[in-house]
Amino acid sequence: PDSMAWLCSLCALSGKGQAVTAMASRLVEIDPLTPTYHFMPGFVALLCGDFEHAPGPFEAALRGEPSNQMLRLAYGQALLMKGDRSRASEVFESLSAEAPDDFFGRLANAMKSGLAGDPHGIRSSLNEAVSTAASGDMNYAWIVGQAWALAGQNDESLRWLRTAVDHGFINYPMLSRFDPT
């Protein structure tokens, strides 16, 4: 199941999520007891631009593992991309309040600040350790780019999106057509 999860994730991040949609659902059938596998169909849907169906699987995963900060951040992102900014903001606020100095708490605070149009809040969230970690991961660099885009900071957003692409985020349909941020 771990190999299936990684394959689903990498295909979705590279814009080939349609090829693994069935596999993501099958993963949950094979191992229904691992909560984090429940989010994979939502992650694939999200990266295929199916924002309406993305949050449900994250909710299922969080029922099994409610304190998982990575899942909470991704759930907030799914809500945001679905257009539910109010609930997304609540998720980001809760995570950043519970873990203000944690990597995921700081990314949540950056997204919350982006939603509020507060570039100073984003900047204060991205200390050196968080910036370094996020700049080495295609998904987290994309999330930081989204935060800057939400705040109307296009140059910073494009810089982070370039970092995401440089690290393998080649989901061009997401970047050019789907991403509402």
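Whatever comes next refers back to the structure up there.
In this text, all values refer to a predicted model and were calculated from it rather than measured experimentally.

Caption draft 1: Quick look at the packing of helix H5 (residues 69–82) against helix H7 (residues 103–115). Running from amino to carboxyl end, H5 crosses H7 at an angle of 20°, the nearest separation of the two axes being 9 Å. Between H5 and H7, the angle falls in the class roughly parallel. Relative to H7, H5 is oriented so that their crossing is left-handed. When H5 is examined against H7, the residues Gln 69, Met 70, Leu 73 and Leu 80 are found in contact with a partner set consisting of Phe 104, Leu 107, Ala 108, Met 111 and Leu 115. By residue class, the composition of the contact of H5 with H7 is eight nonpolar, one polar and no charged.

Caption draft 2: Region of interest: helix H6 (residues 85–98). Spanning 14 residues, H6 covers 20 Å between terminal C-alpha atoms, matching the ideal 20 Å at 1.5 Å per step. Looking at the buried positions of H6, the neighbouring elements they touch are H5 and H7.

Caption draft 3: How the structure looks around the side chain of Ser 157. Mapped onto the secondary structure, Ser 157 falls in helix H11 (residues 154–166). Residue class for Ser 157 comes out buried when judged on its relative accessible area of 4%. Here the side chain of Ser 157 touches Gly 145 through a polar contact of 2.9 Å, landing on its backbone oxygen. Ignoring anything within four residues of it in the chain, the contact list for Ser 157 reads Gly 145, Trp 148 and Ala 149.

Caption draft 4: Representation of the side chain of Ser 113. With respect to the helices, strands and loops of the structure, Ser 113 is situated in helix H7. Contact partners of Ser 113, with chain neighbours within four places excluded, come to Asp 118, Gly 121 and Ile 122.

Caption draft 5: Quick peek at the packing of aromatic side chains. In the structure shown here, the tally under the stated rule is six aromatic pairs. On the basis of an interplanar angle of 35° and a centroid distance of 5.6 Å, the ring pair of Phe 39 and Phe 58 is categorised as tilted. Residue Phe 39 is found in the loop between helix H2 (21–30) and helix H3 (40–47), and its partner Phe 58 is found in helix H4 (residues 55–64); the two are separated by 19 residues along the sequence. Just as Phe 39 is buried, Phe 58 falls in that class too. With a centroid separation of 5.2 Å and 80° between ring planes, the pair formed by Phe 103 and Tyr 140 is classed as edge-to-face. In this pair, Phe 103 sits in helix H7 while Tyr 140 sits in helix H10 (residues 138–150), placing the two residues 37 residues apart along the sequence. Residue Tyr 140 is classed as buried on the basis of its relative accessible area, which comes to 15%. By way of ring pairs, the aromatic residues Phe 39, Phe 43 and Phe 58 are connected into one cluster.

Caption draft 6: Structural context of the packing of H7 against H10. The N-to-C vectors of H7 and H10 enclose an angle of 25°; their axes lie 7 Å apart at closest approach. Judged by the inter-axis angle, H7 sits roughly parallel to H10. Taken as a pair, H7 and H10 cross one another with a handedness that is left-handed. Here H7 contributes Phe 103, Phe 104, Leu 107, Ala 110, Met 111, Gly 114 and Leu 115 to the contact with H10, which in turn contributes Tyr 140, Ile 143, Val 144, Gln 146, Ala 147 and Leu 150. Classifying every residue of the contact of H7 with H10 gives eleven nonpolar, two polar and no charged.

Caption draft 7: View of the environment of Tyr 172. Within the secondary structure, Tyr 172 sits in helix H12 (residues 172–178). With 13 residues separating them along the chain, Tyr 172 and Arg 159 place their C-alpha atoms 16 Å apart. With near-sequence residues (within four places) excluded, Tyr 172 lies in contact with Val 165 and Arg 177.

Parameters at a glance
- Residues numbered from 1 in each chain as written.
- Predicted model: local features only at pLDDT ≥ 70, side-chain atom pairs only at ≥ 80, totals over all residues.
- Heavy atoms only, no water.
- Axes fitted to C-alpha atoms, helices over the stretch in contact; angles between N-to-C directions.
- Helix = DSSP H or I, 4+ residues; strand = E, 2+ residues; numbered from the N terminus.
- Parallel < 35°, antiparallel > 145°, perpendicular 65-115°, else oblique.
- Left-handed = near helix turned anticlockwise from the far one by under 90°.
- Contact = heavy atoms within 4.5 Å.
- Nonpolar A, V, L, I, M, F, W, Y, C, P; charged D, E, K, R; others polar.
- Expected span 1.5 Å × (residues − 1).
- Buried < 20%, exposed > 50% of the residue type's maximum accessible area, 1.4 Å probe, protein only.
- Polar contact = N/O pair within 3.5 Å; in protein donor to acceptor, adjacent residues only side chain to side chain.
- Phe/Tyr/Trp six-rings, centres within 6.5 Å; stacked < 30°, edge-to-face > 60°.

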